[in-house]
Each structure stands twice: as structure tokens, then as C-alpha cells.
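# Commentary on secondary and tertiary structure
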Amino acid sequence: VPSVVAPVLAKLLGTHREREVQKGIAQLKLAFDNIEKVRPGLSADVLGQIYDLATHSNHPAVLSIVHQGPAPGGGSASGAQPQAGHAASGGGAQSPPPRQTPPRSATSR
């Protein structure tokens, strides 16, 4: 938490001046601190799962964050909202759809 979460949240506090946003960022920092006290290492597990989801997801909102970074003011660069049934609510990573193989042409036989 001290080497990853705290610096990121401190940077966000410096870029967002709205009182309610700053309050939410502070609450997020406290939540990470508290969970680390209760179960050391759990915050690292959370960050690892976020990383895994972000690097393996085909969801357009996740891809826009991974490839372009968050849009100014938060949210995704595309403005897309997570769809129902996706892992945005902490329900676990969704498996990517099965890959389709192109039909074989008559000339490739």
C-alpha cells in the first residue's frame, strides 16, 4: 500500500479540488490502510487482480483505460460504462469469448 496506493491517491488528491471527490479519495486510502491492518497482503492481492483483469479483458471500457489512460476528471477515455454481468462490480474476471477460427476455403485443402 505505501509504495503504490498511497502515491497514486496522493496524486489524485492534488489534481481534484472538489471536496466530495477528495473525501472519497481519502476514504479509499483509509479502506486500503484498514484492510491491510486486518489482513496483511490483501491489498496487494486486490491490486494484482485489478492488474490481471485490466491486462486480460476485452471489455471496451477496460481497453480504453489500459491503452489510453483515464480521461481527465476520471472515468474512461471513451466514456463507456461497464455493462451488466462484467467484472466491474467485483464479481470476478469474465472469461474472454471463445476464439473463432475462420472457415477453411476450398483452396486450402
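That block above? That's the structure.
Residues numbered from 1 in each chain as written. Predicted model: local features only at pLDDT ≥ 70, side-chain atom pairs only at ≥ 80, totals over all residues. Heavy atoms only, no water.

### Examining the overall build of the protein chain
Each helix and strand in the protein chain was counted, giving four helices and zero strands. Of the regular secondary structure in the protein chain, the N- to C-terminal order runs α-α-α-α. Looking at the protein chain as a whole, 15% of its 109 residues are labelled buried. Accessible surface computed for the protein chain: about 8600 Å², of which carbon and sulfur atoms make up 58%. (Helix = DSSP H or I, 4+ residues; strand = E, 2+ residues; numbered from the N terminus. Buried < 20%, exposed > 50% of the residue type's maximum accessible area, 1.4 Å probe, protein only. Areas by Shrake-Rupley, 256 points an atom, 1.4 Å probe, with all protein chains shown as cover.)

### Considering a nonpolar patch on the surface
Side chains of V4, V8 and L12 sit close together on the surface and give an oily, nonpolar patch of about 220 Å² of accessible area. Positionally, L12 belongs in helix α1 (residues 5–15). (Patch = residues over 30% accessible without salt bridge, like charges linked within 9 Å, V, L, I, M, F, W, Y side chains within 5 Å. Salt bridge = Lys/Arg side-chain N within 4 Å of Asp/Glu carboxyl O.)

### Remarks on the side chain of S43
Inspection of the secondary structure assignment puts S43 in helix α3 (residues 42–56). What makes S43 buried here is its relative accessible area of 2%. Side-chain polar atoms of S43 contact the side chain of E36, separated by 2.3 Å. (Polar contact = N/O pair within 3.5 Å; in protein donor to acceptor, adjacent residues only side chain to side chain.)

### Some remarks on the nonpolar core
Core analysis: the biggest nonpolar cluster contains five residues, these being V1, V5, L9, I25 and F32. Residue assignment for this core shows that the elements contributing at least two residues are α1 and α2 (19–38). (Core = buried A, V, L, I, M, F, W, Y, C linked by side-chain atoms within 4.5 Å.)

### Quick notes on the packing of α2 against α3
Two elements in contact, α2 and α3, have axes separated by 7 Å at closest approach and are oriented at 125°. Considering their axes alone, α2 and α3 lie oblique with respect to each other. Touching F32, I35 and E36 of α2 are L42, S43, A44, V46 and L47, all from α3. (Axes fitted to C-alpha atoms, helices over the stretch in contact; angles between N-to-C directions. Parallel < 35°, antiparallel > 145°, perpendicular 65-115°, else oblique. Contact = heavy atoms within 4.5 Å.)

### Structural notes on the environment of D33
Following the sequence through the fold, D33 ends up in helix α2. Given a relative accessible area of 23%, D33 falls into the partly exposed group. Sequence separation between D33 and V1 is 32 residues; the distance between their C-alpha atoms is 7.3 Å. A polar contact is formed between the side chain of D33 and the side chain of K29, at a distance of 2.6 Å.

These values are about where atoms sit, not about what they do.
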